Amino acid sequence: MADVIRRIEEIEYEMSKTQKNKATSGHLGLLKAKLAKLRRELITPKSQGGSGSVDSFEVAKTGDSRIGFVGFPSVGKSTLLSNLAGVYSEVAAYEFTTLTTVPGCIKYKGAKIQLLDLPGIIEGAKDGKGRGRQVIAVARTANLIFIVLDVLKPLGHKKILENELEGFGIRLNKTAPNIIFRKKDKGGINLQTMVPQTELDLDLIKTILGEYRIANADITLRCDATVDELIDVVEGNRSYIPCIYLLNKIDQISVEELDIICKIPHTVPISAHHKWNYDDLLDKMWQYLQLVRIYTKPKGQLPDYEAPVVLQNDKCTVEDFCNKIHRTILKELKYALVWGSSVKHQPQRVGISHVLNDEDVVQIVKSVK
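Residues numbered from 1 in each chain as written. Predicted model: local features only at pLDDT ≥ 70, side-chain atom pairs only at ≥ 80, totals over all residues. Heavy atoms only, no water.

(A) Just the packing of aromatic side chains, in detail. Enumeration over the complete set of coordinates arrives at 3 aromatic pairs. Where Tyr295 meets Tyr305, the ring centres are 4.9 Å apart and the plane angle is 70 degrees; that geometry is what we call edge-to-face. Separated by 10 residues along the polypeptide, Tyr295 in strand S12 (residues 292–296) and Tyr305 in strand S13 (residues 304–311) bring together distant segments of the chain. Between Lys158 and the ring centre of Tyr245, over which it is positioned, the NZ or CZ distance is 4.7 Å. The aromatic ring of Tyr335 is capped on one face by Arg349, whose charged end is 3.9 Å from the ring centroid. (Phe/Tyr/Trp six-rings, centres within 6.5 Å; stacked < 30°, edge-to-face > 60°. Helix = DSSP H or I, 4+ residues; strand = E, 2+ residues; numbered from the N terminus. Lys NZ or Arg CZ within 6 Å of the ring centre and 35° of its normal.)

Printed below as a string of structure tokens:
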């Protein structure tokens, strides 16, 4: 492990000393590919054998969605969890009060959302300092990340936390690049570009893939891709997670200062201690989670608006709806009747591939055997 960290530091130092221009793009691309491979070794370390195991901060996943609180020590994560979920998480004036993951749960707009108060991380967490790797590993499992920042401390902390999460394969508020990458047995590197490229060309792509010992592959670039985006696609283990920056302790700054920091994108100013601006925080949380609520309707009865079936935005077909209730329903399904914005007629008969919208009403019709 120490050898890997030392090699990472050497590559980062070499990259910082190398000028960025057309002549050095191949060399920098190679260094970035080497760095990504070493980071992968840190994310998935080789098992040491024996019975000894490292304690994990992971907790059982419950509810419809999961939110992780990430931040430096003593920025107000535990106070926020206690006020939102009513769960006791130890609060004190000294740093590193929270030493393990403290889970909580809130119910908002019919959805059960799990909140995780993670221990504070320090600079160098992605390299294993302060058990930061275990903390960030739990953050990778979240559907949304709250980065809690202290407005009294420099905003450089925001950049440090972003670098720590990026180094562990988490991409904040980004979508996966529109790149198709497929390995093959023979034929060399075949490149297709749908849009003009400012950074990547065939020689640079061959240099990067050569580091991964890939000599035969089909690559289609459907966007103006960067070296980092190509490496992310080749690695294939990146997590694209939405993130909200919570600027805590706004009760200790002036209105003029508050107006300035509110211009930072993806932020919500709050005071965890005084419970200020929680409504805005919950609204933004719901907007970023993009959950889809589906109401069930038994035959001959009114829809059940109290307990919706909550689905993820990218998995909200009738098939996903049936599987969320019980996996045996799909075998007996004849068709479904849907009321709502996803259909033209009210109701409309649909199959298992129909995509549902938020607050649709669904009635399952089973086949008679």
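(B) Seen up close, the sheet that holds strand S6 (residues 179–183). Pairing is mixed across the open sheet formed by 3 strands, whose spatial order is S6-S8-S7. Each of the sheet's edge strands pairs with one partner strand only, and the pair in question is S6 and strand S7 (189–193). Strand-to-strand, the axes of this sheet are offset by a mean angle of 10 degrees, without reference to chain direction. Alignment of S7 against strand S8 (residues 217–221), held across 5 bridges, turns out to be parallel. (Pairing = 2+ DSSP bridges. Axes fitted to C-alpha atoms, helices over the stretch in contact; angles between N-to-C directions.)

(C) Layout of the side chain of Ser65. Along the chain, Ser65 falls in strand S1 (residues 65–71). Using a relative accessible area of 1% as the deciding quantity, one classes Ser65 as buried. Here the side chain of Ser65 touches Asn143 through a polar contact of 3.2 Å, side chain to side chain. When sequence neighbours within four positions are dropped, the list of residues in contact with Ser65 reads Lys112, Ile113, Gln114, Asn143, Leu289, Leu291 and Gln312. (Buried < 20%, exposed > 50% of the residue type's maximum accessible area, 1.4 Å probe, protein only. Polar contact = N/O pair within 3.5 Å; in protein donor to acceptor, adjacent residues only side chain to side chain. Contact = heavy atoms within 4.5 Å.)

(D) Local environment of helix H10 (residues 318–325). Within the sequence span of H10, burial applies to Val318, Phe321 and Cys322. End-on view of H10: buried residues confined to an arc of 95 degrees, all on one side of the axis. (Arc of directions from axis to C-beta.)

(E) Here's a closer look at the pattern of salt bridges. For the coordinates displayed, the defined rule picks out 17 salt bridges. Notably, a salt bridge pairs Arg7 with Asp3, separated by 3.7 Å at the nearest N-O pair. Of the two residues, Arg7 and Asp3 are both situated in helix H1 (residues 2–17); the distance of 4 residues between them amounts to about one turn of the helix. Classification of Arg7 as partly exposed rests on a relative accessible area of 33%. One salt bridge connects Asp232 with Arg238, and the closest N-O pair in it is separated by 2.8 Å. The class for Arg238 is buried, based on a relative accessible area of 16%. Residues participating in the shared-partner salt-bridge network are Glu166, Arg171, Lys174, Asp232 and Arg238. (Salt bridge = Lys/Arg side-chain N within 4 Å of Asp/Glu carboxyl O.)

From the geometry alone we can't say anything about function, so treat these as descriptive.
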